[in-house]
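Per-entry structural report
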Amino acid sequence: MLLSTRGIKIFVKKYITSFLHFDNNTLERYYYFMEKMYSDSEIISQLSLADMKLKQNLFNEAIEIYKDLSEKTQNPNKLEDIYIKLANLYYKQNDFDNAIVYYEKAIEFNEKNLSVLNMFGYLYFYKNSDKSIKYYLKGMDIKPDLKNFVMLTQIMIKSKTY
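Residues numbered from 1 in each chain as written. Predicted model: local features only at pLDDT ≥ 70, side-chain atom pairs only at ≥ 80, totals over all residues. Heavy atoms only, no water.

1. What about the overall build of the protein?
The helix and strand inventory of the protein stands at eight helices and zero strands. Put simply, the protein has 162 residues, and 33% of those count as buried. For the protein, the exposed surface amounts to about 10700 Å²; the carbon and sulfur share of it is 54%. (Helix = DSSP H or I, 4+ residues; strand = E, 2+ residues; numbered from the N terminus. Buried < 20%, exposed > 50% of the residue type's maximum accessible area, 1.4 Å probe, protein only. Areas by Shrake-Rupley, 256 points an atom, 1.4 Å probe, with all protein chains shown as cover.)

2. Thoughts on helix α3 (residues 59–72)
With 14 residues, α3 should reach 20 Å at 1.5 Å per residue; the first-to-last C-alpha distance of 20 Å fits that figure. Along α3, the residues classified as buried are F59, A62, I63, I65, Y66, L69 and S70. All buried residues of α3 project into a common sector of 170° when viewed along the axis, lining one side. Facing away from the buried side of α3 by over 90 degrees, the exposed positions are N60, E64 and E71. (Expected span 1.5 Å × (residues − 1). Arc of directions from axis to C-beta.)

3. Quick notes on the packing of helix α6 (residues 114–123) against helix α7 (residues 129–142)
Each pair of packed helices gets described by two things: the angle between the helix axes and the distance between those axes. Following both chains from N to C, one finds α6 and α7 inclined at 155°, their axes separated by 7 Å at the closest point. With respect to α7, the element α6 is oriented roughly antiparallel. In the crossing of α6 with α7, the sense of the turn from one axis to the other is left-handed. Facing L114, L117, N118, F120, G121 and Y122 of α6, the residues of α7 in contact are S132, Y135, Y136, K138, G139 and I142. Residue composition of the contact of α6 with α7, grouped by class: seven nonpolar, four polar and one charged. (Axes fitted to C-alpha atoms, helices over the stretch in contact; angles between N-to-C directions. Parallel < 35°, antiparallel > 145°, perpendicular 65-115°, else oblique. Left-handed = near helix turned anticlockwise from the far one by under 90°. Contact = heavy atoms within 4.5 Å. Nonpolar A, V, L, I, M, F, W, Y, C, P; charged D, E, K, R; others polar.)

4. Quick notes on the packing of aromatic side chains
Summed over the entire model, instances satisfying the criterion amount to nine aromatic pairs. An angle of 20° between the planes, with centres 4.4 Å apart, marks the rings of F120 and Y135 as stacked. Taken together, the positions of F120 in helix α6 and Y135 in helix α7 put the pair 15 residues apart, joining distant regions of the chain. Considered together, F120 and Y135 belong to a single accessibility category, that of buried residues. With 6.0 Å between their ring centres and 5° between their planes, Y124 and Y135 make a pair best called stacked. Of this pair, Y124 sits in the loop between α6 and α7 while Y135 is found in helix α7, placing the two residues eleven residues apart along the sequence. The pair formed by Y124 and Y135 is uniform in burial state, with each residue classed as buried. Here the aromatic residues Y83, Y90, Y102 and F109 are joined through ring pairs into a cluster of three or more. (Phe/Tyr/Trp six-rings, centres within 6.5 Å; stacked < 30°, edge-to-face > 60°.)

Here it is as structure tokens:
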């Protein structure tokens, strides 16, 4: 069972400081690292729960957990991953507007994320040909790919931009 922040401080004061002599600065640093460790393990636990809900096709429950985690975490790598998972979930539910919102949040962390650029291209295929072309071209600049080339060609034919 994980201890709360308050529980960690009580444990440290009662048991650790009784046989070790810490100055206040060292003790505060210890608290900081213990709280961070507790916080990270709580986030990892919640991510696992959300992933399990996703595998069970309980999309709305997974969305709520991921949204809650997006407000709690400060780790940019985890935040990018959470935004991508939210976008993918909305995509699976055909909620393309919300999918775009979360892909936009994810792309802020890594402008060269090829899978996000490709999803933008795909999502904008029917909504906005110019944006679709823009994202597929960005992806092609990063890594030329036959599938994306075919999609790009289809969009250009559809929008008569050739």
